[in-house]
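So the chains spell out like this:
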Amino acid sequence: MTAEELQSAVGETITADGLGGAKALQLFDDVLSNACISVDHPRYLSFIPAAPTEAATMFDLVVGASSLYGGSWLEGSGAVFAENQALAWLARLAGMPESAAGVFMQGGTVGNLTALVAARDTAARERGGRPARWRVACSSEVHSSIDQAARVMDVDVLEVPVGDDGRLTGDALRAALASDGDGVFAVVATAGTTNVGIIDDLASIAEVAEEFGLWLHVDGAYGLAALAVPEMRGQFVGLERADSFITDPHKWLFAPFDACALIYRDPEKGRRAHTQQAGYLDATMAPADFNPSDYGIHLSRRARGLPFWFSLATYGTDAYAEAVRAGISLAQQAAAEIRSRDSVELVREASLSIVLFRRPGWDRARYFEWSARLLTEEIALVLPTTHRGETVLRFAFVNPRTTIDDVRMILDLLESA
Ligand SMILES: *Cc1c(COP(=O)(O)O)cnc(C)c1O
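How each quantity is defined
Residues numbered from 1 in each chain as written. Predicted model: local features only at pLDDT ≥ 70, side-chain atom pairs only at ≥ 80, totals over all residues. Heavy atoms only, no water. Pairing = 2+ DSSP bridges. Helix = DSSP H or I, 4+ residues; strand = E, 2+ residues; numbered from the N terminus. Axes fitted to C-alpha atoms, helices over the stretch in contact; angles between N-to-C directions. Contact = heavy atoms within 4.5 Å. Parallel < 35°, antiparallel > 145°, perpendicular 65-115°, else oblique. Left-handed = near helix turned anticlockwise from the far one by under 90°. Nonpolar A, V, L, I, M, F, W, Y, C, P; charged D, E, K, R; others polar. Phe/Tyr/Trp six-rings, centres within 6.5 Å; stacked < 30°, edge-to-face > 60°. Buried < 20%, exposed > 50% of the residue type's maximum accessible area, 1.4 Å probe, protein only.

Enquirer: Looking at this structure, I do not really get the sheet that holds strand S6 (residues 244-247). What am I missing?
Expert: Strand pairing in a sheet is mediated by backbone hydrogen bonds. Such pairs are either parallel or antiparallel. Spatial strand order, S1-S7-S6-S5-S4-S2-S3: 7 strands in an open sheet with mixed pairing. A strand with exactly one partner marks an edge of an open sheet, and here the two such strands are strand S1 (101-105) and strand S3 (156-160). Going from strand to strand, the sheet's axes swing by 20° on average, the running direction of each strand aside. In this structure, strand S4 (residues 184-190) lies alongside strand S5 (residues 215-219), joined through 5 bridges in parallel fashion. Of the residues in S5, the one forming a bridge with Val187 is Leu216. Against the sheet, helix H8 (residues 202-211) makes contact with S4 and S5, and its axis sits at roughly 175° relative to S4, the strand it touches most.

Enquirer: I would appreciate a short explanation of the packing of helix H3 (residues 54-65) against helix H11 (residues 306-315) in the present structure.
Expert: Two elements in contact, H3 and H11, have axes whose closest approach is 8 Å; the angle formed by their N-to-C orientations is 135°. By the angle between their directions, the pair H3 and H11 is classed as oblique. Both H3 and H11 take part in a crossing whose hand is right-handed. Residues Glu54, Ala55, Ala56, Phe59, Asp60 and Val63 of H3 form the contact with H11, whose participating residues are Leu306, Pro307, Trp309, Phe310, Ser311, Thr314 and Tyr315. Of the residues that constitute the contact of H3 with H11, the class distribution is 9 nonpolar, 2 polar and 2 charged.

Enquirer: What am I meant to see in the packing of aromatic side chains here?
Expert: Here the distance between the centres and the angle between the planes together describe a pair of aromatic rings. This structure, assessed with the given rule, holds 15 aromatic pairs. Each ring, one from Trp89 and one from Tyr320, has its centre 6.3 Å from the other, and the planes form 75°; the classification is edge-to-face. Taken together, the residues Trp89 in helix H4 (residues 73-93) and Tyr320 in helix H12 (residues 317-339) connect sequence positions 231 residues apart. Each member of the pair, Trp89 as well as Tyr320, carries the same accessibility label: buried. Summarising the aromatic geometry, the rings of Trp362 and Tyr367 are spaced 5.6 Å apart at their centres and angled 65° between planes, so their arrangement reads as edge-to-face. Here Trp362 and Tyr367 have matching classes, each one buried.

Written out as structure tokens, the structure reads:
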């Protein structure tokens, strides 16, 4: 709905006397909530969907209703302890040392920015001087949040070309640094690009990062959920050498919006970069305490990792492996289904849980028209994307309740359009 349509349907809701809860809830129920898409619908297959478990969703209510403060150990030790166990599980899967630790933040964008601020702070301390311009190296396929972080930090980006397979490699990074490495303090590798699901060659990148003394940050906002699946871990070799990484439980780890897990190999580097000093905070500053507010660009903090913790604690890590595996397996089945049909073509092999495909002969406008109709008729959300300059269609699967029959139904509709 447009803002004008919503305005005429609900009128002005902010009044001197208040509408009363019943009326306000009725407006939300009858009008406002219907103008929002359920991101966890099994046929919501665009962007990166969400698929929170029942346990996670219910526990989000508990977190919201309990006035928990997740910024400091003093106020939230029980909550922080539980969150830290969930973070430790992720750190162990990544092969990080026992001393690794981190914090749940609002989202991958904030997590990436926070990690890069710690990286620059560390470089400034260790190098004892500042270059004319700081720079961060990353591939052209990196998520837009890295550009955003660079703008916020006022640093430049050294864009390293990727190979035909879309992956950043250590060799390409070395060549770029050797010819033009001034001021580079960090390299960002991606473990599962959002658009395509490509995992950079983390092992060779880690090698080169070490050679040049650079902080290695791995952005796995979407893809690092696949660490939950034992047979996938081989694809992430090299991650264990990173200085920091992120993954978003609200993407493929079955938690509600919003939560990003940021892990530092050496949390002290994060703490040094991010601790806020203020007289009224002194009471929370017992040096031995673990205060989540010290590890990111935030102070007040919802204990936003708790729904993820509760879900993980409730169902266990085997259930997580099975649920993530379901998305990967469905992507393979969908790719096979597309290959078997004459009306559509696979653009590239499925990667993680993402499938790109085209309807030969269609232009951008046809794709957008078809997508819009599918949404208007409340059948599915399948949006076009751009891949190497071409408009194509994209499935991103994270919901274990999405079935191959959902996929067939959408492909049938595409065929008959
Ligand atoms: C989604 C995503 C982000 C941004 O995460 P938000 O939680 O939306 O801020 C960053 N990097 C990658 C690879 C992503 O998929």
